[in-house]
Amino acid sequence: MVGSEPVIHLDNKTINAAVVRRDRENDLVLLQVKMEIKDALAITDLKPDSLSFEQLGKFLVSPRLDTANTISVAGSLPFSLPKISSTGFLGASIALKSGPLLLTFVRKNSPAAVSGLEAGDEVISINGMMIDKAERYGAELQKYWPGDTISISLKRAGNVYSRQIVLGEKPLIAGSHPAEMFAGGKSKRRDGFARVFAHDAVLTPAHCGGPVLDAAGRFQGINIARYSRTSTLALPAEVVWEFVSRK
């Protein structure tokens, strides 16, 4: 979401920033500004200091600029969270059964529909990967993000054809359960992380992106997403350190 010419608003000033690198998998962008920022965390403060089992249930602090700091409790050790809601959206389904892998449903106005795919088409391959089992269809599509372009080959009436399709974003389904209705809602990107930990800070998606510290002020990571009514996700310190110190 960060453009090619970002600016930072600091002390009523607008400062130009340069994009040093991006990490799509961890949803991080490293920016550089040509000035010293007072009261910031030093690079050395980012060195890995991972949550340990002994720290579970201990207090964490998420600094806020607009109000008092948010206090939370460490709820997990780092874990992997595969892509589910953030997977690129094609809009074409197949039946989980043996035999030819036929499209059973093509959603109206989806990338698949716009590209001319139809129910009854047989899926042959995606980006050169032969799709010979129903479970491979979903597994292959799960590798890609919204905006990625895939090449899909299909067969219709005995003739093989191919399409280059730009994947979209999964349509939002409004939640009606009380657990889904909370101020600010979930983050748009809230999964597809190789390493995150959870805590119960009440942050909105707009508040994510800041540091989370332990009660002694040691850097523990960056709040990266509001996952649910009771959970915020943070990238551990070692993930941030690896990204910042990458050659």
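All of the points below concern the structure found in this document. Not measured: the values here are computed from a predicted model. (Residues numbered from 1 in each chain as written. Predicted model: local features only at pLDDT ≥ 70, side-chain atom pairs only at ≥ 80, totals over all residues. Heavy atoms only, no water.)

Quick notes on the side chain of D23
We count it as follows: Numbering of helices and strands runs from the N terminus; a helix is a DSSP stretch of H or I covering at least four residues, while a strand is a stretch of E covering at least two. N or O atoms closer than or at 3.5 Å make up a polar contact, with two conditions inside protein: a donor-capable atom paired with an acceptor-capable one, and, for residues adjacent in sequence, both atoms drawn from side chains. Contacts are residue-level and defined by heavy atoms, with any inter-residue pair within 4.5 Å sufficient.
As for its position among the elements, D23 is in strand β3 (residues 18–23). A distance of 3.0 Å separates a polar atom in the side chain of D23 from a polar atom in the side chain of N26. Leave out the neighbours within four places in its chain, and D23 touches L28, F243 and R246.

Considerations on the pairing of strand β17 (residues 232–236)
How we decide: Partly exposed describes any residue whose relative accessible area lies between the buried limit of under 20% and the exposed limit of over 50%, with all areas from a 1.4 Å probe on protein chains only and scaled to the type maximum. A strand pair is defined by DSSP finding two or more bridges across the two strands.
Within β17, 5 of the 5 residues are buried, which leaves the element mostly enclosed by the surrounding structure. Inspection of the sheet shows strand β14 (residues 193–199) paired to β17 by 3 bridges, in the antiparallel sense. Of the residues in β17, the one forming a bridge with H199 is T232. When strand β16 (residues 219–226) meets β17, the two strands line up antiparallel, connected through 5 bridges. Opposite A225, over in β17, you have L233 as the bridge partner. Adjacent in sequence and paired antiparallel, β16 and β17 are bridged by 5 residues.

What to know about the pattern of salt bridges
Here is the rule: Should a side-chain nitrogen of Lys or Arg be within 4 Å of a carboxyl oxygen of Asp or Glu, the pair is scored as a salt bridge.
Following the criterion strictly, the structure yields 10 salt bridges and no others. Between R24 and D148 there is a salt bridge; the shortest N-O distance is 2.9 Å. With a gap of 124 residues between them, R24 in the loop between β3 and β4 (28–32) and D148 in the loop between α2 (134–141) and β12 (149–156) connect regions that are remote in the sequence. Residue classification places D148 among the buried residues on the basis of a relative accessible area of 16%. In this structure, the salt-bridge partner of D132 is R136, at a minimum N-O distance of 2.7 Å. Residues participating in the shared-partner salt-bridge network are D23, E242 and R246.

Topic: the sheet that holds strand β5 (residues 59–62)
We count it as follows: Between N-to-C directions, angles cover 0 to 180 degrees, with each direction set by a line fitted to C-alpha atoms, over the stretch in contact for helices.
Spatially, 7 strands are ordered β6-β5-β15-β16-β17-β14-β7 in an open sheet, and the strand pairing comes out antiparallel. This sheet does not close on itself; its edge strands, each paired only once, are β6 (70–73) and β7 (79–81). Across the sheet, the mean angle separating the axes of adjacent strands is 45° when strand polarity is ignored. Pairing of β5 with β6 involves 4 bridges; the strand directions are antiparallel. Each bridged residue has a counterpart across the sheet, and for S62 the counterpart in β6 is T70.

A short note on the packing of aromatic side chains
Heads up, the rule is: The criterion for an aromatic pair is that two Phe, Tyr or Trp rings (for Trp, the six-membered ring) have centres within 6.5 Å, with stacked assigned to planes under 30 degrees apart, edge-to-face to planes over 60 apart and tilted to the rest. Charges are assigned to positions over rings by a cutoff of 6 Å between ring centre and Lys NZ or Arg CZ, combined with an angular limit of 35 degrees from the ring normal.
Per the counting criterion, the structure on display carries 0 aromatic pairs. When the ring centre of W145 is taken as origin, the NZ or CZ atom of K83, which lies over that ring, is 4.1 Å away. Sitting above the plane of the F193 ring, R189 keeps its charged end 4.2 Å from the centroid.

Section: the sheet that holds strand β11 (residues 129–130)
Pairing within the open sheet is antiparallel, and its 4 strands lie in the order β11-β10-β12-β13. Here the strands that pair on one side only, and so sit at the sheet edges, are β11 and β13 (159–166).

That is the geometry; function is a separate question.
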